[in-house]
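# Residue-level structural notes
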Amino acid sequence: MSTFLVVAEQKEGAFRQVTFEAVAAAKQAAGGAEITAVVLGRADQADELFSYGADNVLHVNDNQLDHYTPEGWSQALLQVIEQVNPDGIVLGHTAIGRDISPKLASRLKSGLVSDVVSIEDGPVFTRPIYSGKAFEKVTIDDGLVFFTIRPNNIASLEKQEGASGSVEEVSVTITDLQTVIKEVVKNTTSGVDLSEASVIVAGGRGMKNEENFTILDELASVLNGAVGASRGACDAEYCDYALQIGQTGKVVTPDLYIAVGISGAIQHVAGMSNSKVIVAINKDPEAEIFQIADYGIVGDLFEIVPKLTEEFRKA
Ligand code: FAD
């Protein structure tokens, strides 16, 4: 039977939400084909994938794959793909997905539709172009249906408690790895992953210094969100570049994006304009960010942000 292969991604032993979204996306695109998820390396909860709609779950038990390396994962995935012979492959459009999918597509001599935000029957894929200013619809006429999905855009299926199956072990041979991850040093200001956060509070150069970012941490924490930043704030060393949102940073699609002291330069907007609700706080009523904001608050962020935190805390 034909099958679509979903490549699972984990963070600290738990599946990233985009993995469940990829299973749902595979189902939409597969037109009735089976969905097979593959887990590389550590697999504490591999059977959870059955509850989100996977028909089969494969596990490659090799600790060289616990941490992502392009070489290790591509060697493993190419062997799994050869064994499964799927009609389609789906990955999240994450740092890993963006890194490895072109490499796999090139080895498989296949096309690749990247950064898909929605799928209609056909399948017809919709993806943003020109930094999110337009959308194009793409179909794949023949060959492998290979695509990546933008996190937070395609809803995962509702979790079916009690759904189960047996995880099948698959063996592959990993040779001559040039890169070995010895230690992972974390550098984030919040526990919520920026690319999957449903609420983002982002600060710009208007924050004035690094210490002032704590008021954003507080607001984000009350909203169970993540803190992001403009490149202006990163360049000024108010925060780490891992927080940068925009054309040369992360692309995010949260339910709520609060832009604080950010002017709204086109390169920043490219990374957040598809957020569902945008709130801008800026003292300059002419700031460009207000052109794309659903709600705008003109005023001093140092007065407004603590008040918002206080009010949300009461709610
Ligand atoms: P500013 O433009 O300086 O804006 C600060 C804002 O804070 C102003 O609007 C001001 O009115 C407001 N403000 C100041 N004080 C207060 C206060 N007390 N209360 C309320 N409001 C206040 N930028 C990105 O963000 N992401 C990218 O990925 C990115 N990629 C780029 C790629 C290229 C090739 C280039 C050329 C540029 C890129 N940029 C990117 C930079 C971008 O052009 C802007 O320079 C940057 O976004 C500006 O950051 P900012 O809005 O924080 O700063």
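Residues numbered from 1 in each chain as written. Predicted model: local features only at pLDDT ≥ 70, side-chain atom pairs only at ≥ 80, totals over all residues. Heavy atoms only, no water.

Moving on: the overall build of the protein chain. What the protein chain contains, in helices and strands, is nine helices and 17 strands. The C-alpha radius of gyration computed for the protein chain amounts to 21 Å, which stays within 12% of the reference 20 Å derived for 315 residues, consistent with globular compactness. Its C-alpha atoms give the protein chain principal-axis dimensions of roughly 60 × 40 × 40 Å. Burial analysis of the protein chain (315 residues in total) assigns 52% to the buried set. (Helix = DSSP H or I, 4+ residues; strand = E, 2+ residues; numbered from the N terminus. Rg over C-alpha atoms; globule rule 2.2 N^0.38 Å. Buried < 20%, exposed > 50% of the residue type's maximum accessible area, 1.4 Å probe, protein only.)

Another point: the site of the ligand. Of all residues adjacent to the ligand, which total 26 residues, the nearest are R205, S230, T248, S263 and N282. The contact in question runs from an oxygen atom of the ligand to an N or O atom on the backbone of Q247, over 3.1 Å. Within the backbone of L301, a nitrogen or oxygen atom sits 2.9 Å from a nitrogen atom of the ligand. For the ligand, the protein covers 76% of the area, taking 990 Å² as the surface of the free molecule. Residue assignment for the shell around the ligand shows that the elements contributing at least two residues are helix 6 (231-235), helix 7 (266-269) and helix 9 (301-314). Residue composition of the shell around the ligand, grouped by class: five nonpolar, 15 polar and six charged. (Near = heavy atom within 4 Å. Polar contact = N/O pair within 3.5 Å; in protein donor to acceptor, adjacent residues only side chain to side chain. Areas by Shrake-Rupley, 256 points an atom, 1.4 Å probe, with all protein chains shown as cover. Nonpolar A, V, L, I, M, F, W, Y, C, P; charged D, E, K, R; others polar.)

Membership of the largest hydrophobic core comes to 32 residues, with the highest contact counts inside it found for F4, L49, F147 and I149. Secondary structure elements with two or more residues in this core: strand 1 (3-7), helix 1 (17-30), strand 4 (34-40), helix 2 (48-51), strand 7 (113-116) and strand 11 (145-149). In terms of residues, this core owes the most to one element, helix 1, which gives eight residues. Residues in contact with F147, not counting those within four places in the same chain, are F4, A25, A26, A29, I89, V90, L91, L112, V113, V116, I119 and F125. Ranked by size, the runner-up nonpolar core spans 26 residues in total, among them L5, L58, A76 and L78. (Core = buried A, V, L, I, M, F, W, Y, C linked by side-chain atoms within 4.5 Å. Contact = heavy atoms within 4.5 Å.)

On the basis of which strands lie adjacent, the open sheet formed by three strands has the order 8-9-10 and antiparallel pairing. The strands lining the two open edges of the sheet, one partner per strand, are strand 8 (118-120) and strand 10 (134-138). Taking the axes of each pair of neighbouring strands and ignoring which way they run, one obtains an average angle of 30 degrees across the sheet. The pairing of strand 8 with strand 9 (residues 124-129) spans three bridges and is antiparallel. Note that in strand 9 the partner of S118 across the bridge is T126. (Pairing = 2+ DSSP bridges. Axes fitted to C-alpha atoms, helices over the stretch in contact; angles between N-to-C directions.)

Turning our eyes to something else, we now look at the side chain of E48. Along the chain, E48 turns up in helix 2. Accessibility expressed as a relative area gives 18% for E48, which makes it buried. If sequence neighbours within four positions are ignored, E48 has contacts with F15, F20 and K159.

Detailed reading of the predicted model is not advised wherever pLDDT is low. Here the protein chain shows a mean pLDDT of 93. Residues at 70 or above account for 98%. The complex prediction reports pTM at 0.83, with the ipTM value standing at 0.99. (pLDDT = per-residue confidence, 0-100.)

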